[in-house]
Amino acid sequence: MSSMSSVAGLSKYITTLPVTRKSITGICIMSFLTGVIYCLIAPKYSLTNNILLEGISSFMVLGVSSILSGSLNQYGVKILHGINLKIKHSMFLSLLSMIFIAFILIIGGIISALFNIDLFINSLLFGCVLVYGFNTLVLWSTTQIGFSKSAIIGLIQPILILALLILILFLGSDASLFSTPLIINVTIKTVIACLIFILAIYSFITIAASPLKKNLGIGMLDLLSLFIMHMNEGSDLLESTFENMGEAIDTVVTFISFKGKNGIKSLFISPSVHPGPLGNIGGSNMPTILASKFDHFTMVAHGPSTHDFNPISVSEIDKIEASVKEGLKKVEYSKYATKFKRYSMNAANIGVQFFNKGMVILSTFAPNGSDDIEFGVGLTMMTQSISNCKVKDSVIVDCHNSFTPESGEVLPGNPEVFDLIDVINEIKTDETKYSSIKVGCCEDRMETLDKHEGIGESGLKTMIIEVDNQRTAYVLFDSNNMEIGFRQEIMDAVKDLDIDEIEVMTTDTHTVNTLSRGYNPVGIEKRPEIIEYVIKSIKEAIDDLEEVEVGTGTKKIKNLNTFGPKNSTELISTISSIVAVSKIIAPVLLITALFIVFIWIFYGNLQIIG
């Protein structure tokens, strides 16, 4: 599995947390049941030896303290100007922590019953120490308040639990539990155990974070907390982190302009800029944002580019817009184009159509899986086709329409590159016949679908091009790639429509890449519904056909601030290596710390009951 696949796999941990009310309800129920279960398992060692009273006591000790800590944790982070910890997050953290303690208590109760020993206090202490470490780790890694402040706020829930336990015991008049030696013993045990566990967590984070800081100057916890903030609130503060590692590049944007009786009717753009990295960060929503900057129907296809060419901020898209608008001023129009024709060579398949003094090449490796075509490869395709076909402009489109998790980028040296070059050499220009052209357009937001079905903000755009009685459908989904085989299913479903050719493309938008399955190609779900949208859009585009003039253009985009050819790869590989190393370091450090804490709390303190 590639580094990119490993990083994308982390998204399986992305989830939506329950609302505050559900977390509080869970705390109340789970805390009461914990007392009931403990009393049933080990009645001799329970606080009251009465099921109902034990449930109520457990609710007071675990439940009330957890609800209070949920509120206090959130308030503490807020006054310290931390981020991400809303009340629902804080309350869910308290619920999760309480469940840890409840689980340890029940395990302790089972052992107590089996071996006739009282482990209640020690089990509770052990659970509180683990929860303290867990709370500190979560707060430190997500809220940006620092280690020391996180360690202080992480104490709130354990201290409240122990304080309420003492109150319950005091109200129960069990004076034997309030002797000075016992209180000192418990205090020393707890403090030292917390220090051991927190030291292990600090060591782990320090070791894990060092590669990212050393290689790219980025703090791992800053990256994590800002990423969570983006997921929760749509914040773009993560862009400021990427600016520290950004690199200015020059790239190109190519386009085809179709001019009708009322001005430009349709614009087909293929920028060699990658719409990533994810969510609404950087250029992730570039296909929608760029299209919205024009007053006419605009399709933004996926040009040859990889994550190296991710814009570091949304504002960089303005540079693409400026280049296209500058290029449009110099476009020469004519009424002539050619029919759409397909060529194949081994794995490479292209669809070719000539427009005035330019051409478009729609490239796909379907039915085989593939991912992004690297810019250098695309540039080679461009120069090769311009030379071979004697045209002024060559609009290269990576159709991005056949995905598997194992799909790799098309990079220099790959066999697919030579297939692409060879198939371009097969293009026949001596048989080219130019005829008048008609174009019809349809845009559908697909409002019944969203990113859960792999559909981005722009939905579906379809353009019908009619030349010499041949109708070709250019179908573009605002999606990140397409489930393998779905392209052919769409093509088969539209055979009875009044078209002769069709190519299905995706924009490669990364706004849809914020779900737990990581990669999120269109076609995983609701295929029949998606196909109905395609059929409808083709019919509407046919009804919109009118005669147009056409022209093409190529324009350089200068000083586009992107992740850069080196930094993108380094970021992905560094995160991947951190994940791999953490799988080894985390268990070693944390299990060792747990073992030491366990021995420290339990060893020599078992009270044998005769």
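Residues numbered from 1 in each chain as written. Predicted model: local features only at pLDDT ≥ 70, side-chain atom pairs only at ≥ 80, totals over all residues. Heavy atoms only, no water.

1. Overview of the overall build of the chain
- Check the secondary structure of the chain and you find 17 helices and 15 strands.
- When burial is assessed residue by residue, the chain has 53% of its 610 residues classed as buried.
- For the chain, the proportion of contacts with a sequence separation of at least 24, taken over those separated by at least 6, is 79%.
- Surface accessibility of the chain: about 25,900 Å² in total, with carbon and sulfur atoms responsible for 61%.
- One finds the centroid of the 45 positive side-chain charges in the chain at a distance of 3 Å from the centroid of its 58 negative side-chain charges. (Helix = DSSP H or I, 4+ residues; strand = E, 2+ residues; numbered from the N terminus. Buried < 20%, exposed > 50% of the residue type's maximum accessible area, 1.4 Å probe, protein only. Contact = heavy atoms within 4.5 Å. Areas by Shrake-Rupley, 256 points an atom, 1.4 Å probe, with all protein chains shown as cover. Lys, Arg positive; Asp, Glu negative; His and termini not counted. Charge placed at Lys NZ, Arg CZ, Asp CG, Glu CD.)

2. Let's talk about the pairing of strand 4 (residues 297-300)
- Neither face of strand 4 is open: one carries Phe297 and Met299, the other Thr298 and Val300, and all of them are buried.
- The pairing of strand 3 (residues 263-271) with strand 4 spans 4 bridges and is parallel. Residue pairing for strand 4: Ile269 is matched across the bridge by Val300.
- With respect to chirality, the unit in which strand 3 leads through helix 11 (residues 286-292) into the neighbouring parallel strand 4 is right-handed. (Pairing = 2+ DSSP bridges. Right-handed = clockwise from strand over helix to strand, strands pointing away.)

3. Focus on the packing of helix 2 (residues 20-41) against helix 4 (residues 87-115)
- At their nearest, the axes of helix 2 and helix 4 sit 9 Å apart, and the two run at 10° to each other. Judged by the inter-axis angle, helix 2 sits roughly parallel to helix 4.
- Tallied by class, residues from the contact of helix 2 with helix 4 come to 17 nonpolar, 8 polar and 1 charged. (Axes fitted to C-alpha atoms, helices over the stretch in contact; angles between N-to-C directions. Parallel < 35°, antiparallel > 145°, perpendicular 65-115°, else oblique. Nonpolar A, V, L, I, M, F, W, Y, C, P; charged D, E, K, R; others polar.)

4. A look at helix 14 (residues 415-425)
- Along helix 14, the positions that sit buried rather than exposed are Val417, Asp419, Leu420, Val423 and Ile424. Axial view of helix 14: buried residues confined to an arc of 160°, hence all on one face.
- In this structure, the buried side of helix 14 is in contact with strand 6 (341-345), strand 7 (348-355), strand 8 (358-364) and helix 13 (375-389). (Arc of directions from axis to C-beta.)

5. Brief notes about the pairing of strand 6
- Of the strand pairs in this sheet, strand 6 and strand 7 are connected by 5 bridges, and their pairing is antiparallel. Across the sheet, the residue bridging to Tyr343 is Ile350, located in strand 7.
- Here strand 6 hands over to strand 7 after 2 residues, with Asn346 in that stretch at a positive phi of 55°.

6. Let's talk about the environment of Lys495
- Checked against the element boundaries, Lys495 lands in the loop between helix 15 (486-493) and strand 13 (501-506).
- A relative accessible area of 60% places Lys495 in the exposed class.
- Of note is the side chain of Lys495, whose polar atom sits 3.4 Å from the side chain of Asp492. (Polar contact = N/O pair within 3.5 Å; in protein donor to acceptor, adjacent residues only side chain to side chain.)

7. Thoughts on the pattern of salt bridges
- Applying the stated rule across the entire model yields 22 salt bridges.
- Across the pair Asp318 and Lys293 runs a salt bridge, and its minimum N-O distance is 2.9 Å. Residue Asp318 is located in helix 12 (residues 317-328), and its partner Lys293 is located in the loop between helix 11 and strand 4; the two are separated by 25 residues in the primary sequence.
- The exposure class assigned to Lys293 is partly exposed, which follows from its relative accessible area of 24%.
- Put simply, Arg527 and Glu489 hold a salt bridge, and the shortest N to O gap is 2.7 Å. (Salt bridge = Lys/Arg side-chain N within 4 Å of Asp/Glu carboxyl O.)

8. What about helix 12?
- Along its 12 residues, helix 12 runs 17 Å from first to last C-alpha, staying within 8% of the 16 Å computed at 1.5 Å per residue.
- Within helix 12, burial applies to Ile317, Ile320, Glu321, Ser323, Val324, Gly327 and Leu328. Buried residues along helix 12 cover an arc of 165° about the axis, so they all sit on one side. (Expected span 1.5 Å × (residues − 1).)

9. So, unusual backbone geometry
- Pro277 follows Gly276 through a cis peptide bond whose omega is 15°.
- Inspection of the secondary structure assignment puts Pro277 in the loop between strand 3 and helix 11.
- Residue Ala366 is joined to Pro367 through a cis peptide bond whose omega torsion reads 10°.
- One non-glycine residue, Asp468, adopts positive backbone phi at about 50°.

10. Digging into the environment of Pro521
- For Pro521, the location among the structural elements is in the loop between strand 13 and helix 16 (527-543).
- Spatially, the C-alpha atoms of Pro521 and Glu453 are 8.0 Å apart, while their sequence positions differ by 68 residues.

11. Quick word on the side chain of Thr506
- Checked against the element boundaries, Thr506 lands in strand 13.
- Those residues in contact with Thr506 that sit more than four places away from it in its chain are His302, Asp398, Cys399, His400, Leu476, Phe477, Ser479, Asn480, Asn481, Met482 and Val522.

12. Points about the packing of aromatic side chains
- Under the counting rule described, the total for this entry stands at 12 aromatic pairs.
- Relative to Phe375, the ring of Phe309 lies with its centre 5.2 Å away and its plane at 45°, an arrangement referred to as tilted. Of the two residues, Phe309 is situated in the loop between strand 4 and helix 12 and Phe375 in helix 13; the sequence distance between them amounts to 66 residues.
- Among the residues examined, Phe309 registers a relative accessible area of 8% and is labelled buried.
- Seen in terms of ring centroids, Phe340 and Tyr474 are 6.2 Å apart; in terms of plane orientation they differ by 80°. Their pairing is edge-to-face. With Phe340 in the loop between strand 5 (336-337) and strand 6 and Tyr474 in strand 12 (residues 470-477), this residue pair connects regions lying 134 residues apart in the sequence. Comparing Phe340 with Tyr474 shows no difference in burial state: the two are buried.
- Pairwise contacts between aromatic rings join Phe126, Phe598 and Phe602 into one cluster.
- Here the guanidinium or amino end of Lys259 rests over the ring plane of Tyr333, the centre of that ring lying 4.4 Å away.
- Taking the ring centre of Phe294 as reference, the NZ or CZ of Lys325 above it sits at 5.4 Å. (Phe/Tyr/Trp six-rings, centres within 6.5 Å; stacked < 30°, edge-to-face > 60°. Lys NZ or Arg CZ within 6 Å of the ring centre and 35° of its normal.)

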